[in-house]
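So you can see what is in the structure, the chains are spelled out below.
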Amino acid sequence: MAKRAGFCFGVKRAIDITFDIAEKDKEGVFTLGPIIHNPQVIGRLKKEGILPLDVGDIDDSKVRALIIRTHGIPCDLYDNISSRGFRVIDATCPFVKKAQEYARLLAENGYQVIILGEKEHPEVKGLVSYAGSDAIVVDGDVPLKLKGLKSKVGIVVQTTQPVDALKRLLSTVIEKVKEVKVYNTICSSTALRLKETQQMCGRVDVMVVVGGKNSANTTQLANLCASLNVRTYHIETADGLDDSWFEGAGRVGITAGASTPDWIIRDVEKRIQDIGGKSPNGK
Ligand code: SF4
């Protein structure tokens, strides 16, 4: 079992905030979009009466409180929902908040802001809104053709980007401008999880990766394992397991994405042990 399997700090905080509200006063409480990319957690919250809402579906007469998820939201949307009479509960990850703050600071101090990240990702859309009108988004995978940059450039990074992408961007930018200010806003959680998973792959015959099929970071883990030629299976819950996957396997590794709850991971572990394994400590 990977030590870092499951919720990261920011997701745990957001889930704790949400379930805490569910216990106390859930009447008219909604999340702005699914609070995390995990269908089972969303299903549990629905049972508790807390439903995800799209921006366009907010009915002011029904909403008493709206929870913002870890990725954060654009500042104009924040201002809009804050002025409509219902409570706004901000569960944006503090690390994402920090990146938003740096983007705003750079823009205020006359830097053209470059955001390294995926243009369509909600976290990046939020960052763009803080970064001034001449901000640009650069995807780490796309060859960099940066033209017409201002003489002062500031860089902030989507928290889940790999550090190599930042190095590539920086080496291109320093050849083009006089002044570069970099805020390394990459969150170490993702990198450490990937590193640990990579190390596990060298010691096991089968890797089971647990998490939502719609979770980008879980899919990233599964792709990493598969690229290392380990038999890899990506499942959402223990019901997705198949006994035949473990035929001839001596050791099985389990890891999970940042949005996978502990109860699902433990269930998967138990089922794999039932299928034929035993954990190294004999339990
Ligand atoms: S991966 Fe890092 S930045 Fe993203 S929610 Fe988790 S702790 Fe926050």
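What you are looking at is a predicted structure, and each value in this text was computed from that prediction instead of being measured. (Residues numbered from 1 in each chain as written. Predicted model: local features only at pLDDT ≥ 70, side-chain atom pairs only at ≥ 80, totals over all residues. Heavy atoms only, no water.)

A. The arrangement of the sheet that holds strand β3 (residues 65-68) in detail. The strand order across the open sheet built from four strands is β2-β1-β3-β4, with neighbouring strands paired in parallel fashion. Taken across any chain shown, the strands that pair with only one partner, and hence form the sheet edges, are β2 (51-53) and β4 (87-90). Neighbouring strand axes in the sheet, compared pairwise and without regard to direction, differ in orientation by 35° on average. In the sheet, β3 pairs with β4 via four bridges, with the strands oriented parallel. What sits directly across from leucine 66, in β4, is valine 88. On the sheet, helix α1 (residues 9-24) packs against β1 (29-32), β3 and β4 and is oriented at approximately 145° with respect to β4. Against the sheet, helix α3 (residues 75-82) engages β1, β3 and β4, with an angle of about 140° to β4. (Pairing = 2+ DSSP bridges. Helix = DSSP H or I, 4+ residues; strand = E, 2+ residues; numbered from the N terminus. Axes fitted to C-alpha atoms, helices over the stretch in contact; angles between N-to-C directions. Contact = heavy atoms within 4.5 Å.)

B. Inspection of the pattern of salt bridges at higher detail. Evaluation of the coordinates by the stated rule reveals 15 salt bridges. One salt bridge connects aspartate 90 with lysine 97, and the closest N-O pair in it is separated by 2.7 Å. Here glutamate 101 ties to arginine 104 by a salt bridge, and the two come within 2.4 Å at their closest N and O atoms. Of this pair, glutamate 101 and arginine 104 both sit in helix α4 (residues 94-108), three residues apart, which is roughly one turn of that helix. The class of arginine 104 is partly exposed, set by a relative accessible area of 28%. The network of salt bridges with shared partners includes Glu101, Arg104 and Glu108. (Salt bridge = Lys/Arg side-chain N within 4 Å of Asp/Glu carboxyl O. Buried < 20%, exposed > 50% of the residue type's maximum accessible area, 1.4 Å probe, protein only.)

C. Seen up close, the site of the ligand. Around the ligand, the surrounding shell consists of Cys8, Gly10, Cys93, Phe95, Thr159 and Cys187. Among the residues forming the shell around the ligand, the class breakdown is four nonpolar, two polar and no charged. (Near = heavy atom within 4 Å. Nonpolar A, V, L, I, M, F, W, Y, C, P; charged D, E, K, R; others polar.)

D. Region of interest: the sheet that holds strand β7 (residues 152-157). Pairing is parallel in the open sheet, where four strands are placed in the order β6-β5-β7-β8. Edge positions in the sheet fall to β6 (136-138) and β8 (179-182), since each has one partner strand and no second. Between one strand and the next, the sheet's axes are offset by a mean angle of 25°, whatever the strand orientation. The pairing of strand β5 (residues 112-116) with β6 spans three bridges and is classified as parallel. When the bridges of β6 are listed, isoleucine 115 appears paired with valine 137. Taken strand by strand, α4 contacts β5, β7 and β8, and its axis lies near 170° from that of β7. Each of β5, β6 and β7 is contacted by helix α5 (residues 122-130), which is oriented at about 175° to β5, the strand it contacts most.

E. Structural context of the environment of isoleucine 89. Position of isoleucine 89 among the secondary structure elements: in strand β4. Linking isoleucine 89 and arginine 69, residues 20 residues apart in sequence, is a C-alpha distance of 9.1 Å. For isoleucine 89, the contacting residues outside a window of four places in its chain are Ile17, Ile21, Ala65, Leu66, Ile67 and Ile68.

F. Local environment of the domain arrangement of the chain. If you check the domain split of the chain, you get domain 1 (9-91), domain 2 (95-186) and domain 3 (189-275). Using only C-alpha atoms to locate each centre, domain 2 and domain 3 end up separated by 33 Å. (Domains from an automatic or database assignment.)

G. Geometry of helix α6 (residues 163-173). Three or more residues of α6 are buried, namely Ala165, Leu166, Leu169, Thr172 and Val173. Within α6, the buried residues cover an arc of 130° as seen down the axis, which keeps them to one side. Contact partners of the buried residues in α6: β5, β6, β7 and β8. (Arc of directions from axis to C-beta.)

H. Molecular detail of the nonpolar core. Val208, Val210, Leu241 and Val268 are the most contacted members of the largest nonpolar core, which has 27 residues in total. Among the elements of the structure, α7 (188-201), β9 (206-210), α8 (216-227), β11 (252-256) and α9 (262-275) are those that each provide at least two residues to this core. Residues within four places of leucine 241 in sequence aside, it is in contact with Val208, Ile235, Phe246, Val268, Arg271 and Ile272. By size, the runner-up hydrophobic cluster in this structure holds 18 residues, among which are Val29, Ile36, Leu45 and Ala258. (Core = buried A, V, L, I, M, F, W, Y, C linked by side-chain atoms within 4.5 Å.)

I. Just the environment of alanine 226, in detail. Of note, alanine 226 is situated in helix α8. Note on alanine 226: relative accessible area 41%, which makes it partly exposed.

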